[in-house]
Amino acid sequence: MAALGPRDAASVALDELAWNFTYGAPGAGNGSLSGEWYRRNQIHLFGVVLAILGNLIISISLNIQKYSHLQSALQEHRRPFFKTASWWCAVVLMAVGETGNFAAYGFAPITLIAPLGCMSVTGSAVISVIFLKENLRASDLVGMTLALAGTYLLVNFAPTITQSVSARTVQYYFVGWKFLIYVILEMLVFCILLYFHQRKGMKHLLILLTLVALLASLTVISVKAVSGMITFSVMDKMQLTYPIFYIMFIIMIASCVFQVKFLNQATKLYSTAMVVPVNHVFFTTSAIVAGIIFYQEFLGAAFLTTFIYLFGCFLSFLGVFLVTRNREKEHLQQSYIDFGNIPGTQMLDKIQPDSNGLSYGTLPDGSDPTKSQSGEKKEV
């Protein structure tokens, strides 16, 4: 068979683009809304629907939790949040959403499911505007539009190779030299970062979220393996008797636990507006790399298809950044400083800011704190 020349390779790439973008072409349709495209990607689309619904349910859960905390803060006699019905409703919805995400990995590639996490962020922004009456900013609209455009490109240009994840397939990939080299390098980087974090006391956001991302790569590999073997057991032959299933299950649980630990540290030290977009970028990137190395999901993909897929990832990253940018600053109230809220201090007076004077402000009775009892101004 003759090797393809540069012109032939370009023709193949353009034909693949036409395969994805043709609508209403003569003969059998091959566009992304045609019956032929639907039949070829039916299983993957089912995984996409599960992931999108799961992320939207997670968005609803987060907003219900937020509503529960706001209602609790308004009550004179506060009850613990875990005793409220709304909080438990949010927990149940969170479990349902995560179950949908987990099941989605059994039907579609990691490189298709992982970037769809942007739907959780954009969905949460829409729900908070509708139900929590938060402000809808221009950056929110632009961000949502970019995220939806990126999602469309991801669904169209992600790997479409249908791969049954059986126990023997996972065993084959698990002992492959590519994955072994990847795990050794990942463990080396993880140990170095953990040394600087624990011994040197470095709490930088990038260090914490890089630790989360390194663990997340093992999480998505093990999640797809466990979910894929369960799906294979239901649809074909039992796979739960193989030891590799339980090895992957242990890796999934352990990596999730430590991932949540470092992510909690990041959210305590930094604002959510900083953590969410950076974590989304790091998590998605590590998941894509893990899918490419372990499951070889981009094997044989054309360069132009890969480029458009990465461009879709970039659009979703940019959309998440715009939606989360400066969102927390809108809720900060700086009308006065209430010293009565400082632990161990009881004061009834509140200092009001005075932008026209040399002093910080005045007390509620109108007196100036920089004046002495004799009525003379103290020197500043």
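As the structure is a computational prediction, the values presented were derived from the model and not from experiment. (Residues numbered from 1 in each chain as written. Predicted model: local features only at pLDDT ≥ 70, side-chain atom pairs only at ≥ 80, totals over all residues. Heavy atoms only, no water.)

Some points on the overall build of the protein
The condition is simple: In this description a helix means any DSSP run of H or I spanning at least four residues, a strand means any run of E spanning at least two, and both kinds are numbered starting from the N terminus. A 1.4 Å probe rolled over the protein chains alone gives each residue an accessible area, and that area as a share of the maximum for its type sets the label: buried under 20%, exposed over 50%, partly exposed in between. Here, Shrake-Rupley sampling with a 1.4 Å probe gives the accessible areas, and only protein chains in the shown set may cover a residue.
Tallying secondary structure elements over the protein gives 13 helices and two strands in all. Taking all 380 residues of the protein together, 39% fall into the buried category. Here the protein displays about 22,200 Å² of accessible surface, and carbon together with sulfur accounts for 67% of that area.

Quick look at the nonpolar core
Put simply, the test is: Grouping buried Ala, Val, Leu, Ile, Met, Phe, Trp, Tyr and Cys residues that are joined through side-chain atoms within 4.5 Å yields what is termed a nonpolar core. Note on definitions: a residue-residue contact is assigned when non-hydrogen atoms from the two residues lie within 4.5 Å.
Judged by nonpolar contacts, the single largest core of 44 residues is most densely connected at V170, M248, F294 and Y309. Here the element with the most residues in this core is helix α10 (residues 205-235); it accounts for six residues. Not counting residues within four places of it along the chain, the set of residues in contact with M248 comprises V170, F174, I221, S222, A225, V226 and F294. Residues F190, L208, L211 and V212 belong to the second largest nonpolar core, which totals 13 residues.

Some remarks on the environment of V183
Locating V183 in the fold gives a position in helix α9 (residues 177-198). Put simply, V183 and A290 are 107 residues apart on the chain and 9.9 Å apart in space, counted from C-alpha to C-alpha.

A few points about the packing of helix α6 (residues 118-131) against helix α13 (residues 303-324)
To keep it simple, the criterion reads: Angular values range over 0 to 180 degrees, each being the angle between N-to-C directions of two axes fitted as lines to C-alpha atoms, with helices fitted over their stretch in contact. In what follows, roughly perpendicular refers to angles from 65 to 115 degrees, roughly parallel to angles under 35, roughly antiparallel to angles over 145, and oblique to any angle outside these ranges. Whether a crossing is left-handed or right-handed is set by the direction in which the near helix is turned from the far one by less than a right angle, anticlockwise for left-handed and clockwise for right-handed. As a working rule, the residues Ala, Val, Leu, Ile, Met, Phe, Trp, Tyr, Cys and Pro are called nonpolar, Asp, Glu, Lys and Arg charged, and the rest polar, with Gly in that last group.
Between α6 and α13, the least distance of the axes is 10 Å, while the angle of their chain directions is 30°. Our classification of the angle between α6 and α13 gives roughly parallel. Viewed along their axes, α6 and α13 form a crossing whose handedness is left-handed. Contacts between α6 and α13 pair C118, V121, T122 and A125 from the former with S316, V320, V323 and T324 from the latter. The residue inventory of the contact of α6 with α13, partitioned by class, reads five nonpolar, three polar and no charged.

Looking at the layout of surface pockets
Under the convention used in this document: Method remark: on a 1 Å grid restricted to protein atoms, a set of points is classed as a cavity if a 1.4 Å probe fits but cannot get out and as a pocket if it is open with protein on both sides within 12 Å along at least five of seven lines; lining residues have an atom within 4 Å of a point. Grid points are joined across faces, edges and corners, and a volume is the space filled by probe spheres set on the points.
Considered as a void within the structure, the largest pocket measures approximately 2,000 Å³ in volume. Lining the largest pocket are 47 residues, and of these I58, L62, E98, S120 and L263 sit closest to its centre. Broken down by secondary-structure element, the contributors of at least two residues to the lining of the largest pocket are α3 (42-74), α4 (85-104), α6, α10, α11 (243-269), α12 (272-294) and α13. Across the lining of the largest pocket, the residue classes break down as 22 nonpolar, 20 polar and five charged. What the second largest pocket holds in volume is close to 420 Å³.

Here's the deal with a nonpolar patch on the surface
Where we set the bar: Note on patches: the residues involved have over 30% relative accessible area and no salt bridge, like charges join within 9 Å, and the nonpolar side chains Val, Leu, Ile, Met, Phe, Trp and Tyr join within 5 Å. The term salt bridge refers to a side-chain nitrogen of Lys or Arg lying within 4 Å of a carboxyl oxygen of Asp or Glu.
A cluster of nonpolar side chains, namely F303, F307, F311, F314, L318 and F321, defines an oily patch on the protein surface of about 650 Å² accessible area. Relative to the helices and strands, F321 resides in helix α13. Under the relative-accessibility criterion, F321 is labelled partly exposed at 41%.

Some details on the state of the cysteines
The test is simple: Cysteine sulfur atoms are paired as a disulfide whenever they fall within 2.5 Å.
This model, assessed by the stated rule, comprises zero disulfides. Just so you know, C118 is unpaired, no disulfide at all, and the nearest cysteine sulfur is the one on C313, 9.1 Å from it. With relative accessibility at 0%, the residue C118 sits in the buried group.

Description of the confidence of the model for the protein
Put simply, the rule reads: A residue's pLDDT is the predictor's confidence in that residue, given on a scale from 0 to 100.
Here the protein averages 78 in pLDDT, while 74% of its residues score no lower than 70. pLDDT under 50 marks residues 16-31. Its contacts with residues more than four places away, or in other chains, come to 30 contacts.

What about the packing of aromatic side chains?
Rules: Centre distance within 6.5 Å is the pairing criterion for rings of Phe, Tyr and Trp, where only the six-membered ring of Trp is used; planes under 30 degrees apart are then read as stacked, over 60 as edge-to-face, and the remainder as tilted. For a Lys NZ or an Arg CZ to count as sitting over a ring, it must be within 6 Å of the ring centre and within 35 degrees of the ring normal.
For the coordinates displayed, the defined rule picks out 12 aromatic pairs. Look at F46 and F107: their rings are 4.9 Å apart centre to centre, the planes differ by 90°, and that puts the pair in the edge-to-face class. Residue F46 is located in helix α3, and its partner F107 is located in the loop between α4 and α5 (110-113); the two are separated by 61 residues in the primary sequence. Taking relative accessible area as the criterion, F46 reaches 43% and is therefore assigned partly exposed. Chaining the aromatic ring pairs together yields one cluster made of Y172, Y173, F174, F179, F294 and Y295. Lying over the aromatic face of Y295, K224 brings its terminal NZ or CZ to 5.8 Å of the ring centre.

Things to note about the packing of α10 against α11
Two elements in contact, α10 and α11, have axes whose closest approach is 8 Å; the angle formed by their N-to-C orientations is 150°. The orientation of α10 with respect to α11, classified from their angle, is roughly antiparallel. The two elements α10 and α11 meet at a crossing, and its hand is left-handed. Counted by class, the contact of α10 with α11 contains 26 nonpolar, five polar and no charged residues.

Some thoughts on α11
Here is the rule we go by: A helix is expected to span 1.5 Å for every residue after the first.
When the terminal C-alpha atoms of α11 are compared, their 40 Å separation across 27 residues agrees well with the 39 Å that a helix rising 1.5 Å per residue should span. Of all the positions in α11, only I244, F245, M248, M252, S255, Q259, F262 and A266 are classed as buried. Taken together, the buried residues of α11 touch α4, α8 (167-174), α9, α10 and α12.

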